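Residues per chain, in single letters:
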Amino acid sequence: MGVWTATTLARYAVVPADGSPVMFEYMNSMHVSEKFVDDVRPAANWQYKATAGLAAANKWADEIKSVMAELGYAGEPLAVDKLDGFGFIALQNAGITVTDPSPATVDAREVKTPEEIQLMILNGGAGDAMLAEFEAAIRPGIREYELLGVLNKALFDHHGEFMFTRLVASGTNTNPWMSEAHDKVIQPGDLVGIDTDANVYEGYVVDISRTFLCGDIASEGQKEAYRIAYDCVNGMRELMKPGMTFEEFGHAAPKLPSEYRNGRYGAMAHQAGLEDEGPGIPYPDDDRRGGWGVSFPDRTIQENMVFCLECYAGKDGAPYGVKLEDEVLVTKEGAVALSTYPFEAKLLA
């Protein structure tokens with residue numbers, strides 16, 4: 001249901017600043033939410049009704065207004081996380097002032113609770129198991145989507161929920177990065193890259209990247225790209241300490257050689273929890289975003305944050321590239337990897 005309700009507005013909650021939430025659940029799934037939430041009510045549905053959608057959404061908005069009054073928040077602004085056009089119009093029609101929740105929720109999500117940390121440590125082990133199954137399946141003749149299937153099976157075997165990308169790439173598909181799994185056949189000597197991008201137990205993210213070699217003999221160029229990405233990720237982990245600002249970290253982190261900069265990843269670090277979270281830490285000299293690469297100079301790395309440190313190394317026009325990423329927990333002493341899966345020794349030789 002989590003994947004379906006991510007795009008279908010069949011599950012939502014009204015959460016007061018003080019007090020217990022009211023959960024609105026898909027009618028046939030109410031018994032599921034009643035195990036965890038005291039007040040569960042049937043969810044309204046106005047999507048997929050074409051021109052009749054707004055009238056149905058207006059009825060829904062009146063119900064939300066009534067619940068706000070019931071909770072003691074009549075006339076207060078309503079911070080809305082995700083909604084469609086009819087929903088926003090309907091709330092406005094009901095006289096509800098709509099605002100955005102992120103000024104509160106981003107700060108609340110950054111520092112993980114002790115329970116969240118235990119879940120992320122547990123899921124780091126699941127990520128190791130996923131990578132082990134994936135690496136063991138690499139052989140000449142297997143296709144990218146078959147390797148994706150191996151990864152998904154390992155995810156489900158460890159009580160995971162779903163993958164939110166299909167980032168498996170091999171050979172020439174590894175440069176530039178972000179090609180998703182299709183029917184390309186793995187060849188001897190190919191680099192095979194994977195980004196786990198998965199919601200595992202209780203929905204917490206495992207976001208780890210590794211690049212493997214199909215075979216035993218790597219080219220010098222493959223080794224060079226791997227070493228650059230390896231030094232970058234490990235250098236960032238050794239650098240990260242509580243108390244540093246995001247901007248200080250961005251300027252002090254390892255720099256990529258000039259011939260690798262055009263294809264570098266969109267950010268050197270982002271946060272993780274129930275999803276890939278932000279704000280992230282962009283490359284301070286990256287002008288590819290047209291001015292959108294904000295450095296967040298006032299944000300500080302804090303104990304019990306979780307970051308994904310990632311690096312992509314691929315020269316322009318090269319037939320390969322390397323993607324590496326570690327998910328780390330910030331402790332008093334520094335960053336500790338939540339996944340302990342080894343790097344590719346054949347590419348570090």
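Quick note: structure is the one above.
Residues numbered from 1 in each chain as written. Predicted model: local features only at pLDDT ≥ 70, side-chain atom pairs only at ≥ 80, totals over all residues. Heavy atoms only, no water.

Asker: Got a sec to walk through the sheet that holds strand β6 (residues 162-163)? Specific residues and values, please.
Answerer: The antiparallel open sheet is built from three strands, whose spatial order is β6-β9-β10. Single-partner strands in this sheet number two, and they are β6 and β10 (205-206). The pairing of strand β9 (residues 198-199) with β10 spans two bridges and is classified as antiparallel. Bridging from a neighbouring strand, Ala-198 pairs with Val-206 of β10. (Pairing = 2+ DSSP bridges. Helix = DSSP H or I, 4+ residues; strand = E, 2+ residues; numbered from the N terminus.)

Asker: Give a description of helix α8 (residues 220-239) that names residues and reports values.
Answerer: For α8, built from 20 residues, the straight-helix expectation of 28 Å at 1.5 Å per residue is met to within 8% by its first-to-last C-alpha distance of 28 Å. Those residues of α8 lying buried are Gln-222, Ala-225, Tyr-226, Ile-228, Ala-229, Cys-232, Val-233, Asn-234, Gly-235 and Met-236. On its buried side, α8 packs onto β8 (191-195), β11 (209-213), α9 (246-252), β14 (306-313), β15 (322-330) and α10 (345-348). (Expected span 1.5 Å × (residues − 1). Buried < 20%, exposed > 50% of the residue type's maximum accessible area, 1.4 Å probe, protein only. Contact = heavy atoms within 4.5 Å.)

Asker: Which residues make up the packing of helix α3 (residues 53-70) against helix α4 (residues 85-93), and what values go with them?
Answerer: The N-to-C vectors of α3 and α4 enclose an angle of 55°; their axes lie 8 Å apart at closest approach. Our classification of the angle between α3 and α4 gives oblique. Considering the relative orientation of α3 and α4, their crossing is right-handed. From α3, Gly-53, Leu-54, Ala-57, Asn-58, Trp-60, Ala-61 and Ile-64 reach across to α4, where they touch Phe-86, Gly-87, Ile-89, Ala-90, Leu-91 and Asn-93. Taken together, the residues of the contact of α3 with α4 break down into nine nonpolar, four polar and no charged. (Axes fitted to C-alpha atoms, helices over the stretch in contact; angles between N-to-C directions. Parallel < 35°, antiparallel > 145°, perpendicular 65-115°, else oblique. Left-handed = near helix turned anticlockwise from the far one by under 90°. Nonpolar A, V, L, I, M, F, W, Y, C, P; charged D, E, K, R; others polar.)

Asker: How would you summarise the nonpolar core if you had to cite specific residues and measurements?
Answerer: One finds Met-240, Phe-249, Ile-301, Phe-307 and Leu-309 to be the most contacted residues of the largest nonpolar core, which totals 35 residues. Where this core is concerned, the elements lending two or more residues are α8, α9, β14 and β15. Of all the elements, α8 adds the most residues to this core, at seven residues. Residues in contact with Met-240, not counting those within four places in the same chain, are Phe-249, Ile-301, Phe-307, Leu-309, Val-328, Val-330, Gly-334 and Ala-335. If you look at the next biggest cluster of nonpolar residues, it comprises 25 residues, including Leu-147, Leu-148, Ile-186 and Val-200. (Core = buried A, V, L, I, M, F, W, Y, C linked by side-chain atoms within 4.5 Å.)

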